[in-house]
Number of protein chains: 2
Amino acid sequence: MKCIILIIDGMADRPTKENDYKTPLQAAKTPNMDKIAEEGINGIMDPISPGIRVGSDTAHLSILGYDPYKVYTGRGPFEAAGVGVDVKPGDIAFRCNFATVDENFVVLDRRADRIREGTDKLAETINSMKLEEDVEIIFKESTGHRAVLVLRGENLSDKITDADPKVENKRVKDVKPLDDSFEAKFTASILNKFVKNSYKLLEKHPINLKRIKEGKKPANIILPRGGGKVPSLENFCEKYNLKAACIAETGLIMGIARLAGMDVIEVPTATGGTDTDLNSIVKTILSTLDKYDFLLVNIDGADEAGHDGNFEEKKEFIERIDEVVISKILNCEDICLVLTADHTTPVSVKDHTGDPVPIVIRCPGVRIDDVKRFDEISASKGGLGRIKGSDIMNIILDLTNRSEKFGA
Amino acid sequence: MKCIILIIDGMADRPTKENDYKTPLQAAKTPNMDKIAEEGINGIMDPISPGIRVGSDTAHLSILGYDPYKVYTGRGPFEAAGVGVDVKPGDIAFRCNFATVDENFVVLDRRADRIREGTDKLAETINSMKLEEDVEIIFKESTGHRAVLVLRGENLSDKITDADPKVENKRVKDVKPLDDSFEAKFTASILNKFVKNSYKLLEKHPINLKRIKEGKKPANIILPRGGGKVPSLENFCEKYNLKAACIAETGLIMGIARLAGMDVIEVPTATGGTDTDLNSIVKTILSTLDKYDFLLVNIDGADEAGHDGNFEEKKEFIERIDEVVISKILNCEDICLVLTADHTTPVSVKDHTGDPVPIVIRCPGVRIDDVKRFDEISASKGGLGRIKGSDIMNIILDLTNRSEKFGA
């Protein structure tokens, strides 16, 4: 039996007075999600543990059966894997911005006038950089002003500070070691050289000379941040004996899937926003389902609307997911379907919170409870009770008769 | 946003046939607690874990975010801190009784005729004792026949037996080491000397000569028990970045708060019984709330009524708390209020049991469920589901927007 975990990123919310004490999910018309609730077993889930404010990354790791307290070293490694760098355990990976500085290294624009074109050429130049005999530099542009940097070699550490000052009109920061180890000092010195060198290489780069001519700020420096050592994740497919794929919109989630050894199926017209192409996403889900045992799907827009504090947008996007995506998946009868969120992003908070999320599991043989509506409060009365993200894979494997008996 | 955790000690109970299968909390009229249930999110909580019979001390430690299996070494350290001894990590602390023995060290009265006066003078004499060059003896009277003893110095251990035989008409026990270490043997020898010396110093003490003249038994010996090494608790205020205070009636809870680094606000007319001064307690809560971010409140009488097996007394005391205390706290709108018990003390058992306790959290933004009554059974249908004591601080910090995101 095939399995889908369908994660509507940040879908869960908190009630507000202005909206008649309803969450966007409660206010939304979701006949298809409700049908799944009616035909399945419902509950609430703490992605990690009650009250813990999780990121999308730590939540997904937990749901996939990894202990985020052991494997999560920062966002860098997952972002790097997400843009397609073939990172290896032990690499140190950073998120980077193409930015604009003046000759004194004061940051004028952290996003280099929101540069969109030519970053591939700039990245090519950066990639040619050679700083230390034994340290390989792998640099790759991502969307817009974003990029990733990977350092590969011996004696590297992620115990270092950021070069990115995070605000404008401040000087680029000296990267400092966070402990007394040789590795931290060595890595900090490499990073400092990398940043200075990026300026030398980019300052008069043809792409930038053209930008200046056009009245745009040059992308004349690379600012790394959020460095983390690439963790060694046990291969998901081998661990669970599942041929697994991921359909996601953001590099972060694709990166987690890649590091876990899953195939990543890209949907070129997916934007990660509420304007995303849900039709293409659901088509990809249905066509991929034929070829795999297990699908992890992440649809991102509800989280974005939550971060923007936009109740109506969040509600309407949930309704659209229900109409376009859930209505189709509903027809796949002989599968184990898990519908949930990775965390709560209340429009009233505009950030993630530690509340549990609703979850429903529809699967042949599952104990059907009497919940008939899919939302945060209805789910809490369901037959699953309150579970953790780390329980999900065990429950799925059991329901699809894939797990080994422990004991006699 | 300010937080109150209001713990009605031992409030939870089990149903009995004699009381129409109702618990005292179910039988009690509690319109104000019910209002909080209606406006909040409800659930049941295992102070440590399902079925574990906790003490008030281990339960409070767990609720405050400490692992009682790591930090709880016995009641002595918390009692000592509770009576105001400035205990330090590594000290060995004991609960003691002033008792009456005959010349053969047979215990005639473990409570020395329930002595109430003059124990401060007796304690002064005991405090002058000097047994070993490097071991400091700190002794302080508590209420009635109770006192605490603290040994401070190098090479001390809490792996020793009690001197107190716990029953009358038996000889005072030789304190014995519980392991083969030098420290245990050394501490046992000090304790034995301490007990003998206490008899020498108190036998003809003017307070005792006066007692004998008045026909009362003399408090002529000190019997230590429940020794424990003072644990090093991470400072609560620093750990959670909260200015925190505790309002409690018993030394045990005050001691936990002091060892955790919280301020302790005493209510002089609080008795710890069902005859306590609830009006003064609620006034102190409201006036203290202005000056702190976080209040831990413990009201003790319901536990006492439970230990006494008195259903009516427990029920009526709960009703009085509802009328006098909860009615006022109900009006503090912009706070995060947690109402719960630390454990179950069934009148049918007359001791603590391992049942979960009802809990309600009322806080702006919280997901309101449809529970409308505060009791053991209604709470179990609430939106919180079943949580643990150790979840509470994480949930509060999240609801009041104080926690850091783990991940991106």
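Residues numbered from 1 in each chain as written. Chains lettered and ligands numbered in written order. Predicted model: local features only at pLDDT ≥ 70, side-chain atom pairs only at ≥ 80, totals over all residues. Heavy atoms only, no water.

**Considerations on the pattern of salt bridges**
Right, on to step 1. Within this structure, the stated rule accounts for 43 salt bridges over all chains.
Right, on to step 2. A salt bridge links Lys217(A) to Asp109(A); its shortest N-O distance comes to 3.1 Å. With Lys217(A) in the loop between helix 8 (206–213) and strand 7 (221–229) and Asp109(A) in strand 4 (residues 107–109), this pair connects stretches of sequence that are 108 residues apart.
Right, on to step 3. Classification of Lys217(A) by relative accessible area gives partly exposed; the value is 32%.
Right, on to step 4. Judged by relative accessible area, which is 11%, Asp109(A) ranks as buried.
Right, on to step 5. A salt bridge links Arg373(B) to Asp34(B); its shortest N-O distance comes to 2.9 Å. Of this pair, Arg373(B) sits in the loop between strand 12 (357–362) and helix 14 (376–379) while Asp34(B) is found in helix 2 (residues 31–39), placing the two residues 339 residues apart along the sequence.
Right, on to step 6. Counted as one network, the salt bridges with shared partners bring together Arg14(A), Asp355(A) and Asp398(B). (Salt bridge = Lys/Arg side-chain N within 4 Å of Asp/Glu carboxyl O. Helix = DSSP H or I, 4+ residues; strand = E, 2+ residues; numbered from the N terminus. Buried < 20%, exposed > 50% of the residue type's maximum accessible area, 1.4 Å probe, protein only.)

**Concerning the sheet that holds strand 10 (residues 294–299) of chain B**
Residues and elements named next belong to chain B.
Right, on to step 1. Spatial strand order, 9-8-10-1-11-12-2-13: eight strands in an open sheet with mixed pairing. Each having just a single partner strand, strand 9 (263–264) and strand 13 (385–388) make up the two edges of the open sheet.
Right, on to step 2. Of the strand pairs in this sheet, strand 1 (residues 2–8) and strand 11 (residues 335–340) are connected by six bridges, and their pairing is parallel. Bridge assignment links Leu 6 to a residue of strand 11, and that residue is Leu 339.
Right, on to step 3. Where helix 15 (residues 392–399) meets the sheet, it contacts strand 1, strand 2 (41–46), strand 10, strand 11, strand 12 and strand 13, and its direction lies at approximately 150 degrees from that of strand 1. (Pairing = 2+ DSSP bridges. Contact = heavy atoms within 4.5 Å. Axes fitted to C-alpha atoms, helices over the stretch in contact; angles between N-to-C directions.)

**As for the state of the cysteines**
In a disulfide, the sulfur atoms of two cysteines are covalently bonded to one another.
Right, on to step 1. One pass over the structure, following the stated rule, counts zero disulfides over all chains.
Right, on to step 2. With no disulfide of its own, Cys332(A) has Cys336(A) as its nearest cysteine by sulfur position, at a separation of 13 Å.
Right, on to step 3. Take Cys237(B): it sits in no disulfide, and the sulfur closest to it among the cysteines is that of Cys246(B), at 11 Å. (Disulfide = S-S within 2.5 Å.)

**Here we look at the pairing of strand 5 (residues 136–141) of chain B**
Residues and elements named next belong to chain B.
Right, on to step 1. The pairing of strand 5 with strand 6 (residues 146–152) spans six bridges and is classified as antiparallel. Bridge pairing in strand 6 links Glu 136 to Arg 152.
Right, on to step 2. Taken together, strand 5 and the strand that follows it, strand 6, pair antiparallel across an intervening segment of four residues, in which Gly 144 is found at a positive phi of about 55 degrees.

**Quick look at the domain arrangement of chain A**
Many analyses report the size of an interface as the accessible area lost when the parts associate.
All names here are of chain A.
Right, on to step 1. Partitioning chain A into domains gives domain 1 (2–72 + 232–399) and domain 2 (79–229).
Right, on to step 2. On a C-alpha basis, the centroid separation for the pair domain 1 and domain 2 is 34 Å.
Right, on to step 3. Counting residues at the interface gives seven residues for domain 1, matched by seven residues for domain 2.
Right, on to step 4. Both sides together, the interface formed by domain 1 and domain 2 hides about 490 Å², and carbon and sulfur atoms give 65% of it. (Domains from an automatic or database assignment. Buried area = accessible area lost by both parts, 1.4 Å probe.)

**Notes on helix 15 of chain B**
Right, on to step 1. By the criterion of burial, helix 15 of chain B is predominantly enclosed, with seven of the eight residues buried.
Right, on to step 2. Among the residues of helix 15 of chain B, Ile392(B), Met393(B), Ile395(B), Ile396(B), Leu397(B), Asp398(B) and Leu399(B) are the ones counted as buried.

**Brief notes about the packing of helix 11 (residues 278–289) of chain B against helix 13 (residues 311–329) of chain B**
For any two helices packed against each other, the geometry comes down to the angle between their axes and how far apart the axes lie.
All names here are of chain B.
Right, on to step 1. Look at helix 11 against helix 13: their axes get within 10 Å of each other, and the N-to-C directions meet at 30 degrees. One finds that helix 11 runs roughly parallel with respect to helix 13. For the element pair helix 11 and helix 13, the recorded crossing hand is right-handed. Of helix 13, the residues touching helix 11 (which contributes Leu 278, Asn 279, Val 282, Ile 285 and Leu 286) are Phe 317, Arg 320, Ile 321, Val 324, Val 325, Lys 328 and Ile 329.
Right, on to step 2. Of the residues that constitute the contact of helix 11 with helix 13, the class distribution is nine nonpolar, one polar and two charged. (Parallel < 35°, antiparallel > 145°, perpendicular 65-115°, else oblique. Left-handed = near helix turned anticlockwise from the far one by under 90°. Nonpolar A, V, L, I, M, F, W, Y, C, P; charged D, E, K, R; others polar.)

**Some thoughts on the interface of chain B and chain A**
Right, on to step 1. In this complex, chain B contributes 23 residues to the contact, which on the side of chain A involves 35 residues.
Right, on to step 2. Of all residues in chain B, Arg367(B), Phe406(B) and Ala408(B) give up the largest surface area on contact with chain A, accounting jointly for 38% of the area buried on that side.
Right, on to step 3. Between chain B and chain A we count three salt bridges in total.
Right, on to step 4. Residue Asp398(B) pairs with Arg14(A) through a salt bridge whose shortest N-O separation is 3.1 Å.
Right, on to step 5. Here chain B is connected to chain A by 16 residue pairs in polar contact (both at pLDDT 80 or more).
Right, on to step 6. Put simply, the parts of the chain that give the side of chain B that touches chain A at least two residues each are strand 13 and helix 15 of chain B.
Right, on to step 7. Examining the composition of the side of chain B that touches chain A, we find that four residues originate from one element, helix 15 of chain B, more than from any other.
Right, on to step 8. Tallied by class, residues from the side of chain B that touches chain A come to eight nonpolar, seven polar and eight charged. (Polar contact = N/O pair within 3.5 Å; in protein donor to acceptor, adjacent residues only side chain to side chain.)

**What about the UniProt feature "domain: Metalloenzyme" (unreviewed entry) in chain A?**
Right, on to step 1. The sites that UniProt annotates as "domain: Metalloenzyme" (unreviewed entry) are residues 1–398 of chain A.
Right, on to step 2. Between the end C-alpha atoms of residues 1–398 of chain A the distance is 11 Å, and the span holds 34% helix and 19% strand. (UniProt positions renumbered as here; feature names shortened; annotations may be inferred.)

**Comments concerning the relation of the copies chain B and chain A**
Right, on to step 1. For the pair chain B and chain A, the superposition axis carries a translation of 0.0 Å, the fit reaches an RMSD of 0.2 Å, and the rotation angle comes to 125 degrees. Overall, the copies show the geometry of a three-fold rotation axis. Across chain B, the smallest distance between a C-alpha and the rotation axis is recorded for Gly385(B), namely 3.6 Å.
Right, on to step 2. Looking at chain B, a mere 4% of its interface residues are interface residues in chain A too, so the copies touch through different faces. (Least-squares fit on C-alpha atoms with pLDDT ≥ 70 in both.)

**Considering the environment of Arg111(A)**
Residue and element names in this part refer to chain A.
Right, on to step 1. When you line up the elements, Arg 111 lands in the loop between strand 4 and helix 6 (119–127).
Right, on to step 2. Arg 111 sits 13 residues away from Phe 98 along the chain, and the two C-alpha atoms are 6.0 Å apart.
Right, on to step 3. Apart from residues lying up to four places away in sequence, Arg 111 is in contact with Asn 97, Phe 98, His 145 and Glu 168.

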